[in-house]
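Secondary and tertiary structure notes
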Amino acid sequence: MRLLTHNMLSSNIKGVTNGFPLLIEVEKVVEKQVDFNEDFLRNMFAKIEWKALVKASRTMGYTELPENSEASMLNSDEFLRKFHHALLELHLEEGALVCPETGRKFPVNKGIPNMLLHEDEV
Amino acid sequence: MVGSCIGVSSTCSYGTTLLWGPGLHTFISRGHVIGRSAPIQVLNRTDIKDIRIGKRIYFTAVSGGGRRMQTALNVTAVETLQKGIAEFYDESSGIWENIWGDHMHHGFYEPDSSVSLSDHRSAQIRMIEEALRFASISDDPMQKPRQIVDVGCGIGGSSRYLARKYEARCKGITLSPVQAQRAQALAAAQGLGDKVSFQVADALNQPFEDGQFNLVWSMESGEHMPDKTKFVNELARVAAPGGTIIIVTWCHRDLSPSEESLSPEEKKLLNKICDAFFLPAWCSTADYVKLLESLSLQDIKAADWSENVAPFWPAVIKSALTWQGITSLLRSGWKTIKGALAMPLMIRGYKKGLIKFAIITCKKPVP
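Residues numbered from 1 in each chain as written. Chains lettered and ligands numbered in written order. Predicted model: local features only at pLDDT ≥ 70, side-chain atom pairs only at ≥ 80, totals over all residues. Heavy atoms only, no water.

Counting its secondary structure elements, chain B contains 13 helices and 13 strands. Summarising the internal contacts of chain B: among those between residues at least 6 apart in sequence, 68% fall at separations of at least 24. (Helix = DSSP H or I, 4+ residues; strand = E, 2+ residues; numbered from the N terminus. Contact = heavy atoms within 4.5 Å.)

Attention now moves to the interface of chain B and chain A. Counting residues at the interface gives 31 residues for chain B, matched by 25 residues for chain A. For the pair chain B and chain A, the summed buried area comes to about 2400 Å², and 55% of that belongs to carbon and sulfur atoms. If you sort the residues of chain B by the area they bury against chain A, B:Arg169, B:Val200 and B:Pro207 come out on top, with a joint share of 22%. There are 0 salt bridges connecting chain B and chain A. (Buried area = accessible area lost by both parts, 1.4 Å probe. Salt bridge = Lys/Arg side-chain N within 4 Å of Asp/Glu carboxyl O.)

Turning our attention to the UniProt feature "domain: Methyltransferase type" (unreviewed entry) in chain B. As annotated in UniProt, the feature "domain: Methyltransferase type" (unreviewed entry) corresponds to residues 149–247 of chain B in the numbering used here. Along residues 149–247 of chain B the backbone is 34% helical and 30% strand, and the end-to-end C-alpha distance reaches 12 Å. (UniProt positions renumbered as here; feature names shortened; annotations may be inferred.)

The subject of this paragraph is the packing of helix H3 (residues 50–59) of chain A against helix H4 (residues 77–89) of chain A. Residues and elements named next belong to chain A. Two elements in contact, H3 and H4, have axes separated by 10 Å at closest approach and are oriented at 70°. With respect to their mutual orientation, H3 and H4 come out roughly perpendicular. Residues Trp50, Leu53 and Ser57 of H3 form the contact with H4, whose own contacting residues are Phe79, Phe83, Ala86 and Leu87. Here the contact of H3 with H4 is composed, by residue class, of 6 nonpolar, 1 polar and no charged. (Axes fitted to C-alpha atoms, helices over the stretch in contact; angles between N-to-C directions. Parallel < 35°, antiparallel > 145°, perpendicular 65-115°, else oblique. Nonpolar A, V, L, I, M, F, W, Y, C, P; charged D, E, K, R; others polar.)

Take a nonpolar patch on the surface next. Residue and element names in this part refer to chain B. A cluster of nonpolar side chains, contributed by Leu321, Ile326 and Leu330, occupies part of the molecular surface with about 320 Å² of accessible area. Structurally, Ile326 can be placed in helix H11 (residues 323–331). We classify Ile326 as partly exposed; its relative accessible area is 33%. (Patch = residues over 30% accessible without salt bridge, like charges linked within 9 Å, V, L, I, M, F, W, Y side chains within 5 Å. Areas by Shrake-Rupley, 256 points an atom, 1.4 Å probe, with all protein chains shown as cover. Buried < 20%, exposed > 50% of the residue type's maximum accessible area, 1.4 Å probe, protein only.)

Residue and element names in this part refer to chain B. Contact pair helix H7 (residues 264–277) / helix H13 (residues 343–351): the axes reach a minimum separation of 10 Å and the direction vectors enclose 145°. The way H7 lies across H13 gives a crossing that is left-handed. Touching Leu269, Lys272, Ile273 and Phe277 of H7 are Met343, Leu345, Met346, Arg348 and Gly349, all from H13. By residue class, the composition of the contact of H7 with H13 is 6 nonpolar, 1 polar and 2 charged. (Left-handed = near helix turned anticlockwise from the far one by under 90°.)

In structure tokens, the structure reads:
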């Protein structure tokens, strides 16, 4: 599971007011090389929750992303590369996503998160 | 977790890994039951007589003394359905893929054409293209979809096709872990590992934040949704402003103004099909349109494509009757076989005008 995906996922457990962002429990991180696409990165930048991305990438062991960001940074090639790496190349293979309010764990196996809710959580 | 069951001959309480709550599928493998009188061991799934949605599960348990007893259990409806769906597809995905390829949906044919099995894959592609055309999805680089969600994605056939066609990112959700795994593996093998991703998730509770997707795609998954209102609500919620929703699904015929419901005969036929394919109650195309209207979605269009899919089921049956088909079926589980045996029911339903293959599309307004 890439951090691009993580940035879109939230916990919809009944009664939870803010299920985003999910915390990450890391068991296995894999780095996969992905082709650099500047247009895509520019497009995504506006839609990404930056703070969530930074926190998630740090949990995954990548500390290069700046705490804050603004659109002008997209002109820097170095920034784009770091953004690209964090967003697309870090994969959580094994671990869990954790609901920030209830602590409920959603397992991630072989890179696939299982977001199914139990009967009483719906 | 501990629960209780009403037995034919005794009451017993159950130990862990059995029966209750989300672990339903685990009772199907060996489990250990602590009885009131003696330890009871639940046998494996082949002893399960009948799984009915919302009703009782009957199974045989063997007491410590070797006595077999029939005992029964109430199970909650939705959980059974979800587990049933997941297991049905866990079980049958492989055989389907072997014979039909990675698209788990009907092919689109010229009405009254007779088709050979070799035409089916291109017909399945055509189905996707016709659906996109019906919904007026643009190829234009500035207007084509960039983020797509495939709701009920199977092994990701649509996801990969759409991601490739529009050079877009696609997320697929399915109840079946086996399918999600297979979908991801196929994506990686086709060099789309970074464009498409799959999650095990519930279409009635999509794990996404609001407004994420320019294209919300539901290709023949709507029929599995027990709560159509929730299903459509979620499709609308995750659609981005200006985005398009495409639903291709089986419905029953629209009711005439004087009718309150389908005839008892019609209901009976649908129930048999529901049973075999793990489908909850059906609704009509008009019901979907009403739901979309109630959510203030725009440009709502619907069409009946029943004649364009009619050649499909005879082709599926023909493939099942080939040597490859039969041996695959025999190697798969009971659920798949039961599904296969129910295919003539689908044909009967189409012929009677009871079952419709429908497409419904709409746009989410820009605020």
